[in-house]
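Next come the chains, spelled out residue by residue.
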Amino acid sequence: MAETVLSFVLDKLSTFLREEGRLLGGLRQEVQFIRDELGHMRAFLREAEAKEEDAQPRLQEWIKQVREAAYDTEDILDEFVARFARHRTTGFYGSVRSIFSSIKNLRARHRVASEIQSIKSRINSISEGHQRYQSEYGISAQGSNSLSAVNNTTWRYSRDDALLVEEAKLVGIDQPKKHLISQLLRGDDCQLKVVSVVGMGGLGKTTLVKKVHEDLEVRRHFPVRAWVTVSETCDFQDLLKDLIRQLHREGKKPVPQPIESMTTTELKESVKDFLQQAERYAIVFDDVWDVEFWNTIKFALPESSCGNRVMLTTRKADVATASSIESRGLVYRMEPLSIEDSWTLFCNKIFNGGNCPGHLMDVAKGILDKCEGLPLAILAIGGLLSLKDINRIDEWEMVRGSLGGELEGTGKLDRVKKILSLSYSDLPWHLKICLLYTSIYPEDYKIGCLRLVNLWIAERFVEGREGMSIEDVAWGYFSELVNRSLIQVTRVFYEGMPGNCRVHDLLREIIISKSREQNMITITTGQPTRWPSEKVRRLVVHSSSSNNTQHHQQRRSYCFDHLRSFVTVGSTNPLLYKTLLSEVLGSSKLLKVLDFHGQETQEEIPNEIFKMFHLKHLDLYGTRVERVPKAIGKLQHLEFLDLGDTGVRELPMEILKLQKLRVLRVYQQVDSSDDDYGYHGFKAPSNMGGLLALEILGYIDASSGSTIVNEIGKLTQLRELQITNLRREDGKELCSSLANLTSLRELSVASIGKGDDHEIIDLNHHHPSSSFLQSLRMLLLSGRLEKMPQWVVHLHGLVRIDLNWSGLRGEEDPLQSLQHLPNLSRINFCGSYQGEGLCFKAGGFLKLKRMHLKRMEGLRWMRVEEGALPRLHQLILDLLPLLEELPLGIQHLSQLQVLYLYEMSSEMIEKVENQKEESEDYIPEVVIGYYTDDGEWRERSLWEEKEKT
């Protein structure tokens, strides 16, 4: 783990030397030396840490020393910058202050020089250990760029075990097996086709594909077959030799003798020559980690007309897609076992197919929940429990409470840990540290993707790239972790924008263990007593109700002098929170991240915060803060300020001093019980256009007139913009300002008023530039429209559009101007149309997946022509009192998965029930939503109810 920390600190040291190096004076060479020495150790660490578990305590202690030296170097330099970079003043008084400051700081500079010299001495001593251990453990100076061969043997055995799983032990495999076999045997295509099976480690991809590969019908259809285990550390030449031997053995031909001396090119040609002369073949490449492997091996696979097949297993979605897309093959995403299949597999393993005793039922289900349908984990934990006395419930409870500890050890669950850890080990350092950071969230916590990504940026885990915003780079990191099956997206905000995510419980236990090893994050839920001794770098406060006790540090002694981040997750204990905050603000001078997200007990911004020179991220979302003091201007390194869902309505002029501010959110819902009525914004200073670094701005109150609307046009870096209380007469000025925002992706505009009382939004000003808002992906308009703005039909990149309270008349059917937008996938209409009917015409909305129609009180009928909405998955009809029957032509919606009927008339529900009786397959599912007499929202599936009846 020290290698990850070291890479992070080295990156920061390089940035420091580039941006602040001139402040160091004669100390610059010393810092350069430290950076270079740590850099030499990094490659060694990469391989040494692979052996750390089996290493002697001396090597483990050396690795810890490297990590702490890296951390301490970062601390000293941050303290140096805070002291010497904060007083850059000009003018006469500035010069006088600078003289006094210089005299005052001579002693401080001397102290910093001594500390840097001390670090240098430590580095020299550590470097000697580097040379010694390099020789002692036989580790090369260059290290390894991939997983150490130390673990490779174990991994090979694990894969061999997967191939030997007995059919009797498999559960839930029949349907996917039949599906894959049908894909292999389909005779409607003759070209080479690739079938890729993708999913996280431990799902049983290898086992499934092996059963398909060994199926009797598949064996008869493909006379020539081969199975090649690729793995992350394969030698490509050895792989080709193995493939040649298998092919010749299957074809009952002698293996060419000179293969041992062949080059890679010659080996590929040998494979290709054999396959061109052979009958139909089916080859499996198991455990592929890299797109480059496929790009290389595909040239050895001839494109014959025999209907040849390749199957491939991988943890990475991009590998699966790249290998299958060229051949128009299939990407099969393997899912976890269902609850029923998981329980069957669990009982088969422990009770030999019998029933679980009643007294063990609750604890058994609790343990099984941890496995989350992962067959490998169910079998491994089942094997552990099969050794326990079924009459001793306390032994089972002990297993449930110590699963994290079991994964850290070398017992029955060691194989689970190794397989899940493999994906982690394959990550580059910047993705490792981002994944480790997810350990700040409690078990089963609904992780907000946007908040997580913003914290990555604030913690400086994200490296800037030329031509890309830092947010785009961070979302790229997130996508890569999803692609590698390490993070699971659970809710999508709109197409391409994840809303919530989670990490598999067992993978999370491993992440927590690795995070703890390097003292990366400290989590507490209990009441502290005293704080000085153990260094804490990132402190996270959880709700005391969380049961994640194995990671919580209770009643420990902490030292906050080195603290960089203070983050709260969930609704925390008020007394604990206030005690910790007081301690943190009183002793932490290096804080960069303060996140009080959702802390309702926080009523004001503490004055100590304005002394935090390094502070970059201040999240006050959901607090009771109502005022921002003028002292906010002192936080000149602040990049992120979130005052969403607070009482703040105005910002002081001093906000304009924050020239590094990228994200500014200030808003509160107009009606907390109904989000249809939008948000209050904030009154901005008249010179708001001076915040040139702003990329995200919301919600700015435009009721003061054209001056502030004009200022918006100066913020040319904006990617997201939300405007409230726009006056009708300022519409033309706003269009003029928007023309300057060439990077804008999300735009929300609301006029003055609420609901039906909204003033008209007048944005129908055609702009001559063909580039007008061409980068826009999401558009939200809240307010009356006389007609749709003409420029909307030219927004070819638009993915989502919301129209609220537009009140368009019958002759201004909004569907007409939107139906041919090529990328539109989501529509939300609320009170947007006064006509009696809507018609979806053939060839319209070709990519629309979700449509929500709400509060259209005059709507009586809907019609869907054949060829319209071909990809619609969800249709939500909400508060449409006059609509009493399903859309005419709904049977044309072949991809429709669910129809939601929210607060619809009883007549409508009755008609739907009658139609279900008449036709069993016209729609997959109908869900009814309604409020109970107690005011609680309920949803129920009409079809499930009918089936039960």
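Data block above holds the structure.
Residues numbered from 1 in each chain as written. Predicted model: local features only at pLDDT ≥ 70, side-chain atom pairs only at ≥ 80, totals over all residues. Heavy atoms only, no water.

*Asks:* Describe the overall build of the protein, naming the residues involved and giving the relevant values.
*Replies:* Counting its secondary structure elements, the protein contains 28 helices and 31 strands. Long-range pairs, those at least 24 residues apart, make up 67% of the contacts in the protein between residues at least 6 apart in sequence. (Helix = DSSP H or I, 4+ residues; strand = E, 2+ residues; numbered from the N terminus. Contact = heavy atoms within 4.5 Å.)

*Asks:* Describe the packing of aromatic side chains, listing the residues and the values that go with them.
*Replies:* Following the criterion strictly, the structure yields 21 aromatic pairs and no others. Ring geometry for Phe351 and Trp396: centres 6.1 Å apart, planes at 10 degrees, overall stacked. Here Phe351, found in helix 13 (residues 339-351), pairs with Trp396, found in helix 16 (residues 393-401); they are 45 residues apart in sequence, far enough to count as distant. Like Phe351, the residue Trp396 is buried in the burial classification. (Phe/Tyr/Trp six-rings, centres within 6.5 Å; stacked < 30°, edge-to-face > 60°. Buried < 20%, exposed > 50% of the residue type's maximum accessible area, 1.4 Å probe, protein only.)

*Asks:* How would you explain the environment of Val212 if you had to name every residue and give the values?
*Replies:* Looking at where Val212 falls in the secondary structure, it is placed in helix 7 (residues 205-213). Accessibility expressed as a relative area gives 0% for Val212, which makes it buried. Sequence separation of Val212 and Pro176 is 36 residues, and the distance between their C-alpha atoms is 9.3 Å. Once residues lying within four places of it in the same chain are set aside, the contact partners of Val212 are Lys177, Leu180, Ile181, Leu184, Val218 and Met311.

*Asks:* Just give me the short version of the pattern of salt bridges, but keep the residues and values in it.
*Replies:* Where charged atoms from two side chains of opposite charge approach closely, those side chains can pair. By the definition in use, this model includes 32 salt bridges. Taking the shortest distance from any N to any O, the salt bridge between Asp215 and Lys177 comes out at 4.0 Å. You can see Asp215 sitting in the loop between helix 7 and helix 8 (216-221) and its partner Lys177 sitting in helix 6 (residues 174-185), a full 38 residues away along the chain. Its salt-bridge partner being Glu729, residue Arg727 comes within 3.5 Å of it at the nearest N-O pair. The partly exposed category is assigned to Arg727, whose relative accessible area is 24%. Using a relative accessible area of 54% as the deciding quantity, one classes Glu729 as exposed. What you see here is one network of salt bridges that share partners, running through Arg460, Glu471, Glu639, Arg662, Glu695 and Arg719. (Salt bridge = Lys/Arg side-chain N within 4 Å of Asp/Glu carboxyl O.)

*Asks:* An account of the nonpolar core is needed here, citing residue identities and associated values.
*Replies:* Residues Phe566, Leu721 and Leu877 are the most contacted members of the largest nonpolar core, which totals 113 residues. Setting aside anything within four residues of it in sequence, one finds Phe566 in contact with Leu539, Val541, Tyr577, Leu580, Leu581, Val584, Leu591, Val593, Leu594, Asp595 and Phe596. Ranked by size, the runner-up nonpolar core spans 95 residues in total, among them Ala364, Ile419, Leu481 and Ile523. (Core = buried A, V, L, I, M, F, W, Y, C linked by side-chain atoms within 4.5 Å.)

*Asks:* Please give an account of the sheet that holds strand 7 (residues 488-494) that cites residues and values.
*Replies:* Strands sit in the order 6-8-7 across an open sheet of 3 strands; the sheet is antiparallel. At either end of the open sheet lies a strand with only one pairing partner, and these are strand 6 (447-448) and strand 7. Summarising the sheet, strand 6 and strand 8 (residues 497-502) pair through 2 bridges and their orientation is antiparallel. In the strand pairing of strand 8, Gly448 is matched with Asn500. The sheet strands contacting helix 21 (residues 470-483) are strand 7 and strand 8, and the helix crosses strand 8 at an angle near 55 degrees. (Pairing = 2+ DSSP bridges. Axes fitted to C-alpha atoms, helices over the stretch in contact; angles between N-to-C directions.)

*Asks:* Any chance you could break down the pairing of strand 21 (residues 746-751) for me, citing the residues and the numbers?
*Replies:* Across the 6 residues that make up strand 21, a large majority, 6, are buried. The alternating pattern of strand 21 places Glu746, Ser748 and Ala750 and Leu747, Val749 and Ser751 on opposite faces, both of which are buried. Where strand 20 (residues 720-726) lies against strand 21, 5 bridges are found, and the strand directions are parallel. Considered in strand 21, the bridge of Glu720 is made with Glu746. Handedness of the crossover joining strand 20 and strand 21 through helix 25 (residues 731-738): right-handed. As defined by bridge partners, strand 21 adjoins strand 22 (residues 778-782) across 5 bridges and the pair is classed as parallel. Within strand 22, the residue paired with Glu746 across the bridge is Met778. (Right-handed = clockwise from strand over helix to strand, strands pointing away.)

*Asks:* If you had to explain the packing of helix 14 (residues 361-371) against helix 15 (residues 375-385) to someone new, which residues and values would you point to?
*Replies:* Two elements in contact, helix 14 and helix 15, have axes whose closest approach is 9 Å; the angle formed by their N-to-C orientations is 145 degrees. Our pair here, helix 14 against helix 15, has a crossing hand that is right-handed. Contact residues: helix 14 offers Ile367, Leu368 and Cys371, while helix 15 offers Ala377, Ile378, Ile381 and Leu385. (Left-handed = near helix turned anticlockwise from the far one by under 90°.)

*Asks:* With reference to specific residues and values, describe the pairing of strand 19 (residues 696-701).
*Replies:* Most of strand 19 sits out of view: 6 of its 6 residues are buried. Pairing between strand 17 (residues 663-669) and strand 19: 3 bridges, direction parallel. Bridge pairing in strand 19 places Leu664 opposite Leu697. Sheet analysis places strand 19 next to strand 20, joined by 4 bridges and oriented parallel. The residue bridging Ile700 from the neighbouring strand is Ile723, located in strand 20. For the crossover from strand 19 across helix 24 (residues 706-712) to strand 20, the handedness is right-handed.

*Asks:* How would you explain the packing of helix 20 (residues 449-458) against helix 21 if you had to name every residue and give the values?
*Replies:* For the pair helix 20 and helix 21, interaxial distance at closest approach is 10 Å and the crossing angle is 115 degrees. Helix 20 and helix 21 meet at a crossing whose hand is right-handed. Only Ile470, Glu471, Ala474, Trp475, Tyr477, Phe478 and Leu481 of helix 21 make contact with helix 20, whose side of the interface consists of Cys449, Leu450, Leu452, Val453, Trp456 and Ile457. Split into classes, the residues belonging to the contact of helix 20 with helix 21 amount to 12 nonpolar, no polar and 1 charged. (Nonpolar A, V, L, I, M, F, W, Y, C, P; charged D, E, K, R; others polar.)

*Asks:* Got a sec to walk through the side chain of Glu711? Specific residues and values, please.
*Replies:* If you trace the backbone, Glu711 turns up in helix 24. Taking relative accessible area as the criterion, Glu711 reaches 7% and is therefore assigned buried. For Glu711, the side chain forms a polar contact with the main-chain nitrogen of Met688, separated by 3.4 Å. When sequence neighbours within four positions are dropped, the list of residues in contact with Glu711 reads Ser686, Asn687, Met688, Gly689 and Gly690. (Polar contact = N/O pair within 3.5 Å; in protein donor to acceptor, adjacent residues only side chain to side chain.)

*Asks:* Quick rundown of unusual backbone geometry? Include the residues and the values.
*Replies:* Going from Gly698 to Tyr699, the amide bond is cis rather than trans, its omega being -10 degrees. Inspection of the secondary structure assignment puts Tyr699 in strand 19. With a phi close to 55 degrees, Asn725 is a non-glycine residue in the positive phi region. Here Asn725 shows up in strand 20.

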